[in-house]
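# Architecture and fold: a report
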Amino acid sequence: MRIEPDLWQLYLDVYFRPTRPLRFEASGAIISLWNPSGEIQSATKNERLSRFWQGALQRANRPYQLLWGGDKPMLYRELSVFIRCDLALAFRWASRLDQLGFYYVQQDKQLRLYNSWDITQTELVTGEMQTRLCFTSLPRTNLALQ
């Protein structure tokens, strides 16, 4: 299943706001905990999903760090996790979380976007992950919620 070009372009224009200091010393995946299948959910539903998947990661003994992924002003943002893992495990977690796509930070700090269901649909987002980090205050509005 290919991700439509307009949605793919939105995914390529991503920025991340860590919830606490975050260093990308190892390869890993950034996967949204919210809005499975690209369908916007309520705040309550997304909070439940977030708690459930954080618990699943803990039970799997998989360390993670929380960060927001969204547009540059963070008007649209989804709570996400950075999981240190190889690419094969990243695909498995992204499909378990029922996400259309995910980001992969490579050891050389490159950030790539992958389609969770079609390994051939991938694209370089940036050659330097740090250029996609932002530290602005989060606005009250969040367009990622119903």
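Report on the accompanying structure. (Residues numbered from 1 in each chain as written. Predicted model: local features only at pLDDT ≥ 70, side-chain atom pairs only at ≥ 80, totals over all residues. Heavy atoms only, no water.)

## A word on the pairing of strand β6 (residues 111-115)
Across the five residues that make up β6, a large majority, five, are buried. Residues of β6 alternate between two faces, with Leu 111, Leu 113 and Asn 115 on one and Arg 112 and Tyr 114 on the opposite face, all of them buried. Strand direction decides the pairing type here: β6 and strand β7 (residues 118-126), joined by five bridges, are antiparallel. Following the sheet pairing, Leu 111 is matched in β7 by Thr 126. Between the end of β6 and the start of β7, which pair antiparallel, lie two residues. (Buried < 20%, exposed > 50% of the residue type's maximum accessible area, 1.4 Å probe, protein only. Helix = DSSP H or I, 4+ residues; strand = E, 2+ residues; numbered from the N terminus. Pairing = 2+ DSSP bridges.)

## Quick word on the layout of surface pockets
In this structure, the largest pocket encloses a volume near 500 Å³. Along its surface, the largest pocket is lined by 24 residues, and Tyr 11, Gly 69, Tyr 76, Glu 78 and Tyr 103 are the ones closest to its centre. At the level of secondary structure, the elements contributing two or more residues to the lining of the largest pocket comprise α1 (5-12), β2 (28-32), β3 (64-70), β4 (77-84) and β5 (101-105). Classifying every residue of the lining of the largest pocket gives 13 nonpolar, eight polar and three charged. (1 Å grid on protein atoms, 1.4 Å probe; cavity = no way out; pocket = protein on both sides within 12 Å on 5 of 7 lines; lining within 4 Å. Points joined across faces, edges and corners; volume = space filled by probe spheres on them. Nonpolar A, V, L, I, M, F, W, Y, C, P; charged D, E, K, R; others polar.)

## Details of the pairing of strand β1 (residues 15-18)
Neither face of β1 is left uncovered, since the one carrying Tyr 15 and Arg 17 and the one carrying Phe 16 and Pro 18 both have all their residues buried. Relative to β3, β1 is paired through four bridges, and the arrangement is antiparallel. By the bridge assignment for β3, Pro 18 is matched with Leu 67.

## Here's the deal with unusual backbone geometry
In the Ramachandran plot, Asn 35 falls in the positive-phi region, its phi being about 45° despite a non-glycine side chain. Note that Asn 35 resides in the loop between β2 and α2 (43-59). Look at Met 74: it is not a glycine, yet its phi comes out positive at around 65°.

## Focus: the nonpolar core
Counting 26 residues, the largest nonpolar core has Ile 31, Ile 83, Trp 93 and Phe 102 as its most contacted members. Among the secondary structure elements, those contributing two or more residues to this core are β2, α2, β3, β4, α3 (87-96) and β5. Considering each element in turn, this core owes the most residues, five residues, to α3. Residues in contact with Ile 83, not counting those within four places in the same chain, are Ser 27, Gly 28, Ala 29, Ile 31, Leu 57, Arg 62, Pro 63, Tyr 64 and Trp 93. Listed in part, the 19 residues of the second largest apolar core include Tyr 11, Val 14, Phe 16 and Leu 133. (Core = buried A, V, L, I, M, F, W, Y, C linked by side-chain atoms within 4.5 Å. Contact = heavy atoms within 4.5 Å.)

By themselves these figures say nothing about function.
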